[in-house]
Amino acid sequence: MTGKLTLHIVSPNGKTNRELVCDSVRLCICDGQKGRNGGSYGIRPGHTKSIFALAPGSITAFSEDTAPVEIPINGGFASVDRNKVTIISG
């Protein structure tokens with residue numbers, strides 16, 4: 001699939017901390033009881049609208065043109081809509 005993703009990292013007060021354009025994003029998601037036993041989940045352009053609970057770990061943005069960018073988070077939420085991934089994390 002062609003196209004790019006726009007990744008926005010936002011603090012709870014709505015301030016944009018970071019914005020990247022990339023080919024794909026890997027999220028650390030919660031799964032199971034009490035948000036444990038999560039894993040990683042990949043997002044590419046054209047992904048279905050989604051909302052994810054994020055586990056502590058890191059978000060990784062991949063691009064053909066540059067080295068992967070790894071951004072540590074303490075958990076939060078991710079929204080995917082029209083090739084835009086928005087992360088809300090404190």
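Residues numbered from 1 in each chain as written. Predicted model: local features only at pLDDT ≥ 70, side-chain atom pairs only at ≥ 80, totals over all residues. Heavy atoms only, no water.

1. Section: the environment of Leu-27
And step 1. Relative to the elements of secondary structure, Leu-27 occurs in strand S3 (residues 24–29).
And step 2. Placed 16 residues apart in sequence, Leu-27 and Ile-43 show a C-alpha to C-alpha distance of 7.9 Å.
And step 3. Ignoring anything within four residues of it in the chain, the contact list for Leu-27 reads Gly-39, Ser-40, Tyr-41, Ile-43, Phe-52, Leu-54, Ile-59, Ala-78 and Ile-87. (Helix = DSSP H or I, 4+ residues; strand = E, 2+ residues; numbered from the N terminus. Contact = heavy atoms within 4.5 Å.)

2. Regarding the pattern of salt bridges
Side-chain pairs of opposite charge can arise where the charged atoms are in close proximity.
And step 1. Tallied over the entire structure, the rule returns one salt bridge.
And step 2. With its nearest N and O atoms 2.7 Å apart, the salt bridge here joins Asp-23 to Lys-4. Of this pair, Asp-23 sits in the loop between strand S2 (16–22) and S3 while Lys-4 sits in the segment before strand S1 (5–10), and the two are 19 residues apart along the sequence. (Salt bridge = Lys/Arg side-chain N within 4 Å of Asp/Glu carboxyl O.)

3. Regarding the nonpolar core
And step 1. Residues Leu-7, Leu-27, Leu-54 and Ile-87 are the most contacted members of the largest nonpolar core, which totals 20 residues.
And step 2. Contributions of two or more residues to this core are made by S1, S2, S3, strand S5 (50–62), strand S6 (69–81) and strand S7 (84–88).
And step 3. Each residue touching Leu-7, except ones within four places of it in the same chain, is listed here: Arg-18, Glu-19, Leu-20, Cys-22, Val-25, Ile-59, Ala-61, Ile-71, Val-85 and Ile-87. (Core = buried A, V, L, I, M, F, W, Y, C linked by side-chain atoms within 4.5 Å. Buried < 20%, exposed > 50% of the residue type's maximum accessible area, 1.4 Å probe, protein only.)

4. Observations concerning the environment of Asn-83
And step 1. Checked against the element boundaries, Asn-83 lands in the loop between S6 and S7.
And step 2. Overall, the relative accessible area of 27% leaves Asn-83 in the partly exposed class.
And step 3. Asn-83 sits 13 residues away from Glu-70 along the chain, and the two C-alpha atoms are 19 Å apart.
And step 4. Setting aside anything within four residues of it in sequence, one finds Asn-83 in contact with Lys-4, Leu-5, Thr-6, Pro-45, Gly-46 and His-47.
And step 5. Here the side chain of Asn-83 touches Gly-46 through a polar contact of 2.6 Å, landing on its backbone nitrogen. (Polar contact = N/O pair within 3.5 Å; in protein donor to acceptor, adjacent residues only side chain to side chain.)

5. A short note on unusual backbone geometry
And step 1. The backbone of Arg-82 sits at a positive phi, close to 50°, despite the residue not being glycine.
And step 2. Checked against the element boundaries, Arg-82 lands in the loop between S6 and S7.
And step 3. By relative accessible area, which is 71% here, Arg-82 ends up exposed.
And step 4. A positive phi angle, close to 65°, is found at Asn-83, a residue other than glycine.

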